[in-house]
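# Observations on the model geometry
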Amino acid sequence: MQTVKIVVAGPFNAGKTAFIQSVSEIDVVSTERRITSQSERVKETTTVAMDFGRITVDRNLVLYLFGTPGQRRFDFMWEILAEGMLGFVVLVDSSRPETFREARRILETFRAYAPTPYVVAANKQDCQEAWEIGDMRIALRLDSRTKLLPCVATVKNDVKNVLLELLYSILEAIDAGMGLNSITSRDKNLPSFSLNNTPA
Amino acid sequence: MALKGNLRDFSFTQLLNLINLAHKTGTLVVENPAEVISVSFREGKLAYAQDGNEKDNLIAILHRFNRLSSAQQHALNERLGHMSDKELGLVLINANYLEQREILSCMQVYFTDILNQLFTWVEGLFRFETDRLPPADKITVRMDLENIILAGTHLLQEEDQLLDEIPNLDLALKFIDCAGVNIRDLNLNAQERRVISSINPGISIRQIASSNQLSENEIRRVVNSLMQAGMVEIMRPEGLRHPLPILNRPSRPVPAGITAQKSLINRLINRIRAI
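Residues numbered from 1 in each chain as written. Chains lettered and ligands numbered in written order. Predicted model: local features only at pLDDT ≥ 70, side-chain atom pairs only at ≥ 80, totals over all residues. Heavy atoms only, no water.

## Focus: the overall build of chain A
This is how it is decided: Helix numbers and strand numbers start at the N terminus; a helix is a DSSP run of H or I with at least 4 residues, a strand a run of E with at least 2. Each residue is placed in one exposure class: buried if its accessible area under a 1.4 Å probe, protein chains only, is under 20% of its type's maximum, exposed if it is over 50%, and partly exposed if it falls in between. We call two residues in contact whenever any of their non-hydrogen atoms come within 4.5 Å of each other. Per-residue accessibility takes into account occlusion by the displayed protein chains alone, with areas from the Shrake-Rupley method and a 1.4 Å probe.
The helix and strand inventory of chain A stands at five helices and seven strands. Reading the secondary structure of chain A in the N-to-C direction produces β-α-β-β-β-α-β-α-β-α-β-α. Counting all 200 residues of chain A, 62% fall into the buried class. For chain A, contacts bridging at least 24 residues in sequence account for 71% of all contacts bridging at least 6. When the accessible surface of chain A is summed, it comes to about 8000 Å², and 48% of that surface belongs to carbon and sulfur atoms.

Have a look at this one:
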């Protein structure tokens, strides 16, 4: 069985868990914990280690989706999760410009981990407060070649579109001779935890 | 769609850069508990600015910039104080009192002063109103934002933010394609000119600083100014695939040739399409 993985990164409360949940064939194996900090009480729980979703392609190939923890104090997990990834998605909450700088930092950090293709997904585009895609591109300092895709993480088709665009970019990278030097085989991608873990 | 937020999270410099690059037309309203400032733009150029606490008319502005004496100000206020700024400007020009160029120059400095206030605000709610244009009876200008942004960032002492924006000096710089912008037309200071002349995709920011005898803080400030003005962006130096030595790890083996790799990705694509 060959396994490959895509990492879903982004600032706190960008919607990473929902994004993975929308397309995962299993209930997302989540490491959410109840938030105790008053400043972060914009939601009840947050991911502290990773989220984990799965899409079985066929008998010989499985795609894993790993969601990173959004809070800075858990960023030691990022490099572990980034190792061997096919590519990554940076998810940004379009309605919270205060997170754009953090999103840029995350993007730069993951680009430094590995020269793999990536896309940026502008989540929560259904919110009234959401910034326009063109404005976000400038705010996030993305050049015109970087794919910035509007999405709503709870809408399956939007998530599919983001993943497909990432895979198209990976195909283009292969055609350009970059190769998939980060594809791993034989379950090397899996961190050492049981898939039967359940959220607390 | 909204373009609103807080300067605490998205600085005024970044906002101006966005308005400039997106060629926006409308009015940016920024407010804190004590003050409201409105700045209008046409196609990404500064058109008009108003400090909500000041009710300056053209006469007051011309007096402030020594184009009118106090006696002249008093006399004009008595006789022509009821006129709009545009009407008054025409009267002054037709009477050979002032040239159009002088009036526009005063307005530009007046508006720039208002914007300079905003550069110093670290907090304040902002919103961009696309449908709102300057009052029809007011004198407007057409000023490029690049120079205003550069001048504004010169005013700021933002060392912590600089470190946050440019944490890694081992990366390189490259120019952004800015159609219609001629670097020679910009008001760059000596440091910025030296840095610009040193930019090369194969040279790190640290090397540029060293060759120009700039400290880390000075080079960060210069690079940040150029970035905020939308002139340059940071990139990985050419020939360096892994820019961060501490993160350098041995590559995983490539499992197969290009055909096999593409086949794998196509299988993923087909599977996701079918979800």
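From this point, the discussion proceeds with the structure in view.
## Topic: unusual backbone geometry
All names here are of chain B. Although it is not a glycine, Glu43 adopts a positive phi angle of roughly 50 degrees. Relative to the helices and strands, Glu43 resides in the loop between β3 (35-42) and β4 (45-51). In the Ramachandran plot, Asn66 falls in the positive-phi region, its phi being about 60 degrees despite a non-glycine side chain. Along the polypeptide, Asn66 turns up in the loop between α2 (58-64) and α3 (70-80). We classify Asn66 as exposed; its relative accessible area is 68%.

## Observations regarding the side chain of B:Ser198
Residue and element names in this part refer to chain B. The following threshold applies: Here a polar contact is recorded for every N or O atom pair within 3.5 Å, except that within protein the pair must consist of a potential hydrogen donor and a potential acceptor, and residues adjacent in sequence are included only if both atoms are side-chain atoms.
When you line up the elements, Ser198 lands in helix α8 (residues 190-198). Engagement of the side chain of Ser198 in a polar contact is seen with the backbone oxygen of Arg194, the distance being 2.9 Å. Ignoring anything within four residues of it in the chain, the contact list for Ser198 reads Ile203, Ile208, Ser211 and Asn212.

## Examining the pairing of β4(B)
Residue and element names in this part refer to chain B. Here is the rule we go by: Note on pairing: DSSP must find at least two bridges between two strands before they are called paired.
Burial analysis of β4 places five of its seven residues in the buried class, the great majority of the element. Relative to β4, β3 runs antiparallel, the two sharing six bridges. Note on β4: the bridge partner recorded for Ser38 is Gln50.

## Digging into the interface of chain A and chain B
Heads up, the condition is: The term buried area refers to how much accessible surface (probe radius 1.4 Å) is lost by two components on association, counted for both of them together. Salt bridges are defined by distance alone: a side-chain nitrogen of Lys or Arg within 4 Å of a carboxyl oxygen of Asp or Glu.
Contacts between the two partners involve 54 residues from chain A and, on the opposite side, 46 residues from chain B. In this assembly, chain A packs against chain B so that about 4800 Å² is buried in total across both faces, 57% of it on carbon and sulfur atoms. Linking chain A with chain B are five salt bridges. Between B:Arg271 and A:Glu25 there is a salt bridge whose closest N-O contact spans 3.6 Å. Across the contact surface, chain A and chain B share nine residue pairs in polar contact (both at pLDDT 80 or more). Broken down by secondary-structure element, the contributors of at least two residues to the side of chain A that touches chain B are β1 (2-9), β3 (45-58), β4 (61-67), α3 (100-113), α4 (133-139) and α5 (156-175) of chain A. A total of ten residues in the side of chain A that touches chain B trace back to one element, the largest contributor, which is α5(A).

## Here we look at the packing of aromatic side chains
Rules: When two rings of Phe, Tyr or Trp (its six-membered ring) have centres within 6.5 Å they constitute a pair, described as stacked for plane angles under 30 degrees, edge-to-face for angles over 60, and tilted for the intermediate range. Remark: a charge is flagged as sitting over a ring if the NZ atom of Lys or the CZ atom of Arg is within 6 Å of the ring centre and within 35 degrees of the ring normal.
Here the structure, examined in full by the defined rule, presents 15 aromatic pairs over all chains. Relative to B:Phe111, the ring of B:Tyr110 has its centre 5.9 Å away and its plane inclined at 55 degrees; by these criteria the two rings are tilted. Owing to a relative accessible area of 4%, B:Tyr110 belongs among the buried residues under this scheme. Aromatic rings pair up to connect A:Phe88, A:Phe110, A:Tyr113 and A:Tyr118 into one cluster. If you follow A:Lys5 out to its NZ or CZ, it ends over the ring of A:Phe66, 5.0 Å from the centre.

## What about the pattern of salt bridges?
Residue and element names in this part refer to chain B. Here the structure, examined in full by the defined rule, presents 24 salt bridges over all chains. Here Arg127 ties to Glu31 by a salt bridge, and the two come within 2.8 Å at their closest N and O atoms. With Arg127 in strand β5 (residues 125-129) and Glu31 in strand β2 (residues 26-32), the pair connects residues that are 96 residues apart, well separated along the chain. It is possible to trace a salt-bridge network through shared partners that takes in Glu31, Arg127, Glu129 and Arg132.

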